[in-house]
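# A look at the structure
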Amino acid sequence: MIFESLKPKVETIVADTSKTVEERLLSICQLLENKIDCYNWVGFYFKNGDKNELKLGPYVGEPTDHTIIPFGKGICGQVAVSNKNFVVPDVAAQDNYIACSITVKAEIVIPVFVNGENMGQIDIDSNTPDPFSVEDERFLEFVCEQVSKII
């Protein structure tokens, strides 16, 4: 399966201390967007200091105006509060969805925990309706565990 073949690549990226953390996070985004067909926008949001908001980190895909997201707003903001994975098979059916692009049909957001604290998340948008499975969730949890080692 594609996810199993990507795990060692993610580990290699994370372990490459010749690159900055930002460069490694961007490399992870590029890897996922390039190798997984239904991942059309891949990015990280991180807690913005002591503020109750998220700040956009490295990403690949269409540019977004959503560089700061208050806790509780949108899918990412809800994950910042709930500390739980959030899979949205149809963004049009979500009341608290922040539209980034009219082409986006689905979204998955997985929190990144460091020492038990939610420090950020990986956010993936798809232009394909309902593309995310339990396997996506488990793989992205693995990615977030790896990322937690370097942030």
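Refer to the structure printed above.
These numbers come from a predicted model, not from an experiment.

It is worth spelling out the pattern of salt bridges at this point. According to the stated counting rule, one finds five salt bridges in the structure shown. Asp-16 is the partner of Lys-19 in a salt bridge, and the nearest nitrogen-oxygen pair spans 3.8 Å. What makes Asp-16 partly exposed here is its relative accessible area of 26%. Through salt bridges with shared partners, a single ionic network connects Glu-137, Arg-138 and Glu-141.

A separate point is the packing of aromatic side chains. Two aromatic rings, taken as a pair, are described by how far apart their centres are and by the angle between their planes. Counted according to the given criterion, the structure contains five aromatic pairs. Considering the side-chain rings of Phe-3 and Phe-139, the 4.8 Å spacing of their centres and the 20 degrees angle between planes classify their relative orientation as stacked. In this pair, Phe-3 is assigned in helix 1 (residues 2-15) and Phe-139 in helix 4 (residues 134-147), connecting sequence segments 136 residues apart. Here Phe-3 matches Phe-139 in class, with each residue buried. Arranged with centres 6.0 Å apart and planes meeting at 55 degrees, the rings of Tyr-39 and Phe-132 form a pair that is tilted. Here the residue Tyr-39 occupies a position in the loop between helix 2 (21-35) and strand 1 (41-47), and Phe-132 occupies one in the loop between strand 6 (117-126) and helix 4, the gap between them amounting to 93 residues.

Mapped onto the elements of the fold, Ile-108 is located in strand 5 (residues 106-114). Residue class for Ile-108 comes out buried when judged on its relative accessible area of 0%. Sequence separation between Ile-108 and Val-79 is 29 residues; the distance between their C-alpha atoms is 10 Å. Filtering out sequence-adjacent residues up to four positions away, Ile-108 remains in contact with Phe-86, Val-87, Ile-122, Asp-123, Ile-124, Phe-132, Asp-136, Glu-137 and Leu-140.

Rules of the game
Residues numbered from 1 in each chain as written. Predicted model: local features only at pLDDT ≥ 70, side-chain atom pairs only at ≥ 80, totals over all residues. Heavy atoms only, no water. Salt bridge = Lys/Arg side-chain N within 4 Å of Asp/Glu carboxyl O. Buried < 20%, exposed > 50% of the residue type's maximum accessible area, 1.4 Å probe, protein only. Phe/Tyr/Trp six-rings, centres within 6.5 Å; stacked < 30°, edge-to-face > 60°. Helix = DSSP H or I, 4+ residues; strand = E, 2+ residues; numbered from the N terminus. Contact = heavy atoms within 4.5 Å.

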